[in-house]
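Read off the chains here:
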Amino acid sequence: MKAGISFKLTGLVLAISVLPLFLYQVISFSATRNTIVDMATRHSTNLLNEQASHLSLQMAQIEDLIRNIESVDEIKQAVARVETANTKDTSFEFLSTQARIGYILSGYGSLKGLVSIDLFTRSGRHYHVGDTLNISGINRPLLGRLQSDTQAAGNAVAWHGIEDNVNSTSSKRKVIVASKMLNRLDGSGLKTEPLAMLQVNFDPEFVYRHFHEIESREGSTLLVVDAKRRLLFHPDSRLIGQSINPELARLVRGQQGSMMISLNEQPVALNFRMLPINGWYIVSLVPQATLLEPVSRIAQAGIVILLLSLLLIFLFIRLYSIHIINPLRAICDGFRDFQAGRLEPHWRLPKAQTLQELGELTSWFNAFLDRAQEREQAEANLRIAATAFEAQEGMVITDAEQIIIRVNQAFCDTTGYSSEEVTGQHIRLLQSGRHGAEFYREMWQAVAKTGSWQGEVWNRRKNGSHYPEWLTVTSVRNEHGQTTHYVGTMTDITLRKRAEEEIQRLAYFDPLTNLPNRRMLLDTLERAIARSTRNGQSGALLFIDMDNFKDLNDTQGHDKGDLMLQQVAQRLRQHTRGSDTVARLGGDEFVVLLEGLGDEIANAASHSKAVADKLLASLQADYVLGKHVHHSSCSIGVALFSGEENRIEDILKQADLAMYQAKSAGRNAVCFFDQGMQQTVDERAQLESSLREAIARNQLELHYQVQVNHAGMPVGAEALLRWHHPERGSIPPVQFIPLAEKGELIILLGNWVLETACRQLKEWSRHPASAELTLAVNISPRQFHQADFVQQVVETIARTGANPARLKLEITESMLLDHASITISKMEALKSRGIGFALDDFGTGYSSLAYLKRLPLDQLKIDRGFVCGLQQAGHDAAIVRTILALAETLDMAVIAEGVETIEQQELLASMGCHNYQGYFFGRPLPPEKFVQHHLLAEFA
């Protein structure tokens, strides 16, 4: 009744108001859509024309750069000179030419987005100016292809598009490459021949930043592709360098175009324009959904209006239903629910307030419900009792003689017996035989005494299998207190028992190898020590570690590593006694515990050695890991124990130390623990602890070694750390510096040295004779690579009042190879504050000569190894001359360290080196002795 009236009223209102509004929306949507599409197409065309002009201008600048470099005859002459030089002079000539060409090419490096400029000669020589010191990793196949394409281009600039960087060590993996052959006249003077390929690498990031800043329509995509249809720009920078969609590549042809296409099953508006200078395309992709977004908003507005109209209709019908239809419908629903048995016991209709007739009808209906409820209450009580008996827990009812008279379905499902099979049988039918007569006598006594009993019982199913259950027995008594029945409630706890056993296994066993884990090993070892104390028998602990196991995981995957560990566990069990304990501590570490080795420690050692050798040989055999055959070995450390004087922690530690001693001996070995190992470890730990105390208790001291000029006058000094231990005396730096560099102690030491050196500079600045001295401080790589290193240096100078122009930080070549760009950034930040830099031990590592020009260095320090070899036959003298020539070209100062004789000084002076440091001029001295020895006359 309610639905019929409501539908008729709703249909009438919809026909009058909503239908005309809907027709208007359909007509306006079509007209607006065509207008929006035309406007978007014109906008995309204008945008492509503007960006094509901009990109063409940028490419023209790169071509101008190439042709300007090509016009520099000095570059061609220098390259030709090296190409035709004698073999014995080529190395020195190449270094000089490299420095000169690098200097010339660096003048053309101001173009924004430029990564590097490279010259590749026909003989394979490489001249480089760019973003990296390391030019050793050249991609030869790629270089050959670029040279072939460049020669094919003739006198024109070859645009290769986006390629992998030829120099694989560069931080820029993808670059835009343009190149041109440098030619010279041949011997006849009539023809030209190729001399070298000039290659310019441009950063795609520069193109990315420009196009990323363009305000394009939201949801559209702007692309730039090269002639080989590879992406030079994409909003997702990770796709740069990849090929575009093949379907899209097929459509982008000709000078320009505009069309509607289907891309990835979505309609898209395509516009493109070609750059005539190099055949590149700028492409605009606008999804049709984005174009039609304004139309969608108009449609959404119409839908909102339509929904508001429907809401008004709903409110009208709702008011009609509340006052008339709802009371009638409630009475009908009440009768239907009562008939179906769904009516709540105390539910009654509220008296209707709208019409008198409806109120009387409601009262009669409620009276009918009151009379019907009394009849249903009795039936409900019976249903509750029956439902409770048929619960999910098994239930059995017996008489006073324990004869079964009724069971529920859950009982049948658990035991496998049907109700007919057990009715009339004694309850002992279910007994498994695992409990004796005493158990059941105590159970029934508890029931008789307290009225109930509960506990865990093992019973037997019909098929003969045993299962655990939780049983509750309750007695039923009559009004005289006599037991008439017993009610048993049982729950199958098989799954719970299995879960408890699994938890126990996981707590004490390794899930991968099913060997005892560390926790169980410790318990077993504790009991083994107790037994050894009682019976005087010796034991041994074998600590086994697989050699180079990490390499297997890294190359073949962790699944192969797990398979190998399982085979190792199997072999260990096969070659040990049943009374021995084999455990896995974690990773690739295993332990074998041997007990009952006799009361003589020598016999125990001999038996342990035999077992260890057998295990060593077994673990050397090949491992078949699926289709892969792997060979491995192990290192075994053995610790013997006897009696209660051994602690668990000590035995494990001793076996571990012995294992590491076996690894130090070359791996694949067995090593027994001796007290000397423990003493070495303890001494190193004590030394590290003492070094921490030395920093806190001011046991450290800086000594200063003088640096002089050609006239022998002091021009500076190098700060060198010394440690005076109150008990052990003077400890050489070679003992404690490497120990500190393995941890964070080197940072504490470095900060202390820098602070002390700056305070010494401040003290020297108060005296005219020492005010102009510079002080060199060695900086460790770990200290330099601290994120706040620059801030620490600046704050130290401000705190001490030292003149930053007198401070010189010495760094090593190895420091430049890691995070080169960050290193240069930090050096430039400190350089801007007046702090100088010296490159220590120059020539002993690796440095790109072209890259040195970018480093803000003030001084090169010739290593003492070259100075010592000056008077001997060899290349040391030639290397020193090369370093001096390079420093002169790069406008850097040079100082030689380790000068110990007058002959060495004179040789260095004849080569052009006029600053020295070494024992010939003075040993490292404390501050007061340094002043007395080198500056006393000036102070006087």
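Rules used in this analysis
- Residues numbered from 1 in each chain as written.
- Predicted model: local features only at pLDDT ≥ 70, side-chain atom pairs only at ≥ 80, totals over all residues.
- Heavy atoms only, no water.
- Helix = DSSP H or I, 4+ residues; strand = E, 2+ residues; numbered from the N terminus.
- Expected span 1.5 Å × (residues − 1).
- Buried < 20%, exposed > 50% of the residue type's maximum accessible area, 1.4 Å probe, protein only.
- Pairing = 2+ DSSP bridges.
- Axes fitted to C-alpha atoms, helices over the stretch in contact; angles between N-to-C directions.
- Contact = heavy atoms within 4.5 Å.
- Polar contact = N/O pair within 3.5 Å; in protein donor to acceptor, adjacent residues only side chain to side chain.
- Core = buried A, V, L, I, M, F, W, Y, C linked by side-chain atoms within 4.5 Å.
- 1 Å grid on protein atoms, 1.4 Å probe; cavity = no way out; pocket = protein on both sides within 12 Å on 5 of 7 lines; lining within 4 Å.
- Points joined across faces, edges and corners; volume = space filled by probe spheres on them.
- Nonpolar A, V, L, I, M, F, W, Y, C, P; charged D, E, K, R; others polar.
- Left-handed = near helix turned anticlockwise from the far one by under 90°.

Asks: What's the story with helix 18 (residues 648-664) in this structure? I'm lost.
Replies: Since there are 3.6 residues in each turn of an α-helix, residues three or four apart along the chain are aligned in direction. Counted at 1.5 Å a residue, the expected span for helix 18 with its 17 residues is 24 Å, and the 25 Å between its end C-alpha atoms agrees. Those residues of helix 18 lying buried are Ile 648, Ile 651, Leu 652, Gln 654, Ala 655, Leu 657, Ala 658, Met 659, Ala 662 and Lys 663. Immediately downstream of helix 18, the backbone of Gly 666 shows phi near 115°, a positive value.

Asks: Looking at this structure, I do not really get the sheet that holds strand 16 (residues 539-546). What am I missing?
Replies: Adjacent strands of a sheet pair through backbone hydrogen bonds, lying either parallel or antiparallel. Strand order in the open sheet formed by five strands is 17-18-16-21-22, and the pairing between neighbours is mixed. Edge positions in the sheet fall to strand 17 (581-586) and strand 22 (670-672), since each of these pairs with one other strand and no more. Averaged over all neighbouring strand pairs, the angle between strand axes comes to 20°, with direction disregarded. Inspection of the sheet shows strand 21 (residues 634-641) paired to strand 22 by three bridges, in the parallel sense. Paired with Val 638 across the strands is Phe 672, a residue of strand 22. Packing against the sheet, helix 16 (residues 558-574) makes contact with strand 16, strand 17 and strand 18 (589-594), and its axis sits at approximately 10° to strand 18.

Asks: Looking at this structure, I do not really get the side chain of Ser 116. What am I missing?
Replies: Mapping Ser 116 onto the fold places it in strand 1 (residues 114-121). Residue Ser 116 is classed as buried on the basis of its relative accessible area of 3%. Within the structure, Ser 116 has its side chain in polar contact with the side chain of Asp 118 (distance 3.0 Å).

Asks: It is not clear to me how the nonpolar core should be interpreted in this structure. Could you clarify?
Replies: Note that soluble globular proteins tend to have their nonpolar side chains buried in a common cluster. Within the largest apolar cluster, 78 residues are counted, with the highest numbers of intra-cluster contacts made by Trp 764, Leu 807, Leu 809, Leu 857, Ile 862, Leu 908 and Phe 930. When residues of this core are assigned to their parent elements, the largest contribution, eleven residues, is made by helix 21 (residues 745-764).

Asks: I would appreciate a short explanation of the layout of surface pockets in the present structure.
Replies: If a probe the size of a water molecule is rolled over the atoms, the empty space left behind becomes visible. Here the largest pocket defines a volume of roughly 940 Å³. Along the walls of the largest pocket sit 36 residues, with Glu 718, Ala 719, Leu 720, Ile 737 and Asn 778 positioned nearest its centre. If you list the elements that add at least two residues to the lining of the largest pocket, you get strand 23 (700-708), strand 24 (714-725), helix 20 (733-741), helix 21, strand 26 (774-778), helix 22 (781-784), strand 27 (807-812) and strand 28 (836-842). Here the residues of the lining of the largest pocket are counted per class, giving 16 nonpolar, ten polar and ten charged.

Asks: Would you take a moment to explain helix 28 (residues 876-889) for this structure?
Replies: Look at helix 28: 20 Å from first C-alpha to last across 14 residues, which is about the 20 Å you get at 1.5 Å a residue. Among all positions of helix 28, only Ala 877, Val 880, Thr 882, Ile 883, Leu 884, Leu 886 and Ala 887 are buried. Phi turns positive, to about 60°, at Asp 891, one or two residues after helix 28.

Asks: Where do I start with the packing of helix 21 against helix 23 (residues 789-800) in this structure?
Replies: A pair of packed helices is characterised by two quantities: the angle between their axes and the separation of those axes. Following both chains from N to C, one finds helix 21 and helix 23 inclined at 35°, their axes separated by 9 Å at the closest point. For the pair helix 21 and helix 23, the crossing hand works out as right-handed. Listed contacts from helix 23 to Asn 751, Leu 754, Glu 755, Cys 758, Arg 759 and Lys 762 of helix 21 are Gln 792, Val 793, Thr 796, Ile 797, Arg 799 and Thr 800. Of the residues in the contact of helix 21 with helix 23, the class split is four nonpolar, four polar and four charged.

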